[in-house]
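Listed below are the residues making up each chain.
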Amino acid sequence: MVDIPKPNFKVDLNPLSSVKKVIGIVSGKGGVGKSTVTSEIAVALNRSGKKVGIMDADITGPSIPKAFGITEKARGSEEYFYPVATQQGIDVISMNLLLENETDPVIWRGPVIAGAVKQFWTDVVWGDKDYLLIDMPPGTGDVPLTIFQSLPIDGIIIVTSPQDLVSMVVEKAVNMAKMMNVDVLGVIENYSYLLCPHCGERISVFGESHIKEISEEKNIDLLGQLPMNPEIAKLMDQGKIENIENTDQLNKVLDVIDRL
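Residues numbered from 1 in each chain as written. Predicted model: local features only at pLDDT ≥ 70, side-chain atom pairs only at ≥ 80, totals over all residues. Heavy atoms only, no water.

> Which residues make up the environment of V92, and what values do they have?
Looking at where V92 falls in the secondary structure, it is placed in strand 6 (residues 91-94). Of the residues examined, V92 reaches a relative accessible area of 0% and is grouped as buried. Taking the C-alpha atoms as reference, V92 lies 32 Å from L165; in sequence the two are 73 residues apart. Those residues in contact with V92 that lie beyond four places of it in its chain are I54, I64, I70, P83, V84, T86 and L97. (Helix = DSSP H or I, 4+ residues; strand = E, 2+ residues; numbered from the N terminus. Buried < 20%, exposed > 50% of the residue type's maximum accessible area, 1.4 Å probe, protein only. Contact = heavy atoms within 4.5 Å.)

What follows is the structure, given as structure tokens:
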């Protein structure tokens, strides 16, 4: 029997760029605050002295520019595009930075969207980066598949919330990563609880969390349980996520990333 070589879908990084590590931020479903977590991780890494970029791969629902208050458009030459830097020096590329009007809908079919994501890797001048975070759209569709097949992903972080279907969506993300030979760095439970502003009691808004049991069952690291925080939501809406006061809850995430 003749061995047929597996096709290689990898695409080359822009020749004017050097990216040491690529980390995907994924979720099995929408509405879990994945872009918020991506933004917070980027801010924490930047504060630790790392050179960070964010690829907003959620083409049809980009929110990273809004989180950082970016209003200017990405510049381009005949060959390449250039990301836009946030106030504190995090480079960002997003479809919203290429549209004439950020509220214009992107009505494209899956293969076209996937092709745009690959161009964010091949045609964007990232410069010298320690880490590139990829904020992926939810689910296991064309874009995550394209990223896993085409880009040199060093690992993914799964973002979820404490709801009954969390076990299923985490397992879907883990299984896809295994099929694509991508390492799962761990899981973050967002919206884990709400601290009462008056008495400090923890309120389980989405019900009792089972993420510890699920992470043990799936043999993946639990990297953190982040609370619902109205201040973070306010900073995101104002485009001032870089003003977040405390990122200590992400220390375990930073440790895992630093060991890559």
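Don't stop here, the text continues.
> Hey, could you go over the sheet that holds strand 8 (residues 155-160) for me, with residue numbers and the actual values?
Strand order in the open sheet formed by eight strands is 5-6-2-7-1-8-9-12, and the pairing between neighbours is mixed. Edge positions in the sheet fall to strand 5 (84-85) and strand 12 (222-225), since each has one partner strand and no second. As paired elements, strand 2 (residues 52-56) and strand 7 (residues 128-135) share five bridges and run parallel to each other. Along strand 7, the bridge assignment pairs V52 with Y131. Helix 3 (residues 110-122) contacts strand 1 (18-26), strand 2, strand 6 and strand 7 of the sheet and is inclined by roughly 160 degrees relative to strand 2. (Pairing = 2+ DSSP bridges. Axes fitted to C-alpha atoms, helices over the stretch in contact; angles between N-to-C directions.)

> Quick rundown of the nonpolar core? Include the residues and the values.
Ranked by internal contacts, the top residues of the largest apolar core, which has 77 residues, are I41, M55, F68, I134, I147, I153 and I157. Leaving out residues up to four positions away in the same chain, F68 has contacts with S39, V43, I54, T86, I90, G239, I241 and E242. (Core = buried A, V, L, I, M, F, W, Y, C linked by side-chain atoms within 4.5 Å.)

> Describe helix 3, and please don't skip the residues or the numbers.
In a regular helix each residue adds 1.5 Å, so 13 residues correspond to 18 Å; helix 3 covers 19 Å between its end C-alpha atoms and thus fits that length. I113, A114, A116, V117, F120 and W121 are the residues of helix 3 that are buried. Around the axis of helix 3, the buried residues are gathered within 155 degrees of arc, so they sit on the same side. Looking at the buried positions of helix 3, the neighbouring elements they touch are strand 1, strand 2, strand 6, strand 7 and helix 4 (142-150). (Expected span 1.5 Å × (residues − 1). Arc of directions from axis to C-beta.)

> Can you explain the packing of aromatic side chains? Please cite residues and give values.
By the definition in use, this model includes one aromatic pair. The ring of Y82 has R75 lying over it, and the distance from NZ or CZ to the ring centre is 5.1 Å. Lying over the aromatic face of Y193, R202 brings its terminal NZ or CZ to 3.8 Å of the ring centre. (Phe/Tyr/Trp six-rings, centres within 6.5 Å; stacked < 30°, edge-to-face > 60°. Lys NZ or Arg CZ within 6 Å of the ring centre and 35° of its normal.)

> Describe empty space enclosed by the protein, naming the residues involved and giving the relevant values.
Scanning all chains against the criterion turns up two cavities of 30 Å³ or more. Here the largest cavity is characterised by a volume of approximately 70 Å³. Forming the boundary of the largest cavity are V26, S27, G28, G139, T140, P144, F148, I156, A173, M176 and A177. Within the residue set of the lining of the largest cavity, elements represented by two or more residues are helix 4 and helix 5 (166-179). Looking at the lining of the largest cavity element by element, the count peaks at three residues for helix 5. Of the residues that constitute the lining of the largest cavity, the class distribution is seven nonpolar, four polar and no charged. Of the pockets and cavities examined, the second largest cavity occupies roughly 30 Å³. Surrounding the second largest cavity, S27, G28, K29, V32, I158, V159, T160, V169 and V170 form its lining. Within the residue set of the lining of the second largest cavity, elements represented by two or more residues are strand 8 and helix 5. Considering every element that reaches the lining of the second largest cavity, the biggest residue donor is strand 8, with three residues. (1 Å grid on protein atoms, 1.4 Å probe; cavity = no way out; pocket = protein on both sides within 12 Å on 5 of 7 lines; lining within 4 Å. Points joined across faces, edges and corners; volume = space filled by probe spheres on them. Nonpolar A, V, L, I, M, F, W, Y, C, P; charged D, E, K, R; others polar.)

> How would you explain the UniProt feature "binding site: ATP" (unreviewed entry) in the protein if you had to name every residue and give the values?
Look at the UniProt record and you will see "binding site: ATP" (unreviewed entry) annotated at G28, K29, G30, G31, V32, G33, K34 and S35. Lining the largest cavity, from this annotated set, are G28. Tracing the backbone shows G28 in the loop between strand 1 and helix 1 (34-47). With a relative accessible area of 29%, G28 lands in the partly exposed category. If near-sequence neighbours (up to four positions away) are discounted, G28 is found in contact with G139 and V169. Accessibility expressed as a relative area gives 10% for S35, which makes it buried. Other than its neighbours up to four places away in sequence, S35 contacts S63, I64, D135 and M236. (UniProt positions renumbered as here; feature names shortened; annotations may be inferred.)

> Mind laying out the pattern of salt bridges, listing which residues take part and the relevant values?
Following the criterion strictly, the structure yields nine salt bridges and no others. Note that D135 and K34 form a salt bridge whose closest N and O atoms lie 2.8 Å from each other. Within this pair, whereas D135 is found in strand 7, its partner K34 is found in helix 1, the two being separated by 101 residues in sequence. A salt bridge links E171 to K218; its shortest N-O distance comes to 2.9 Å. Here K218 lies in helix 6 (residues 211-218) and E171 lies in helix 5, a separation of 47 residues in the sequence. By relative accessible area, which is 34% here, E171 ends up partly exposed. (Salt bridge = Lys/Arg side-chain N within 4 Å of Asp/Glu carboxyl O.)

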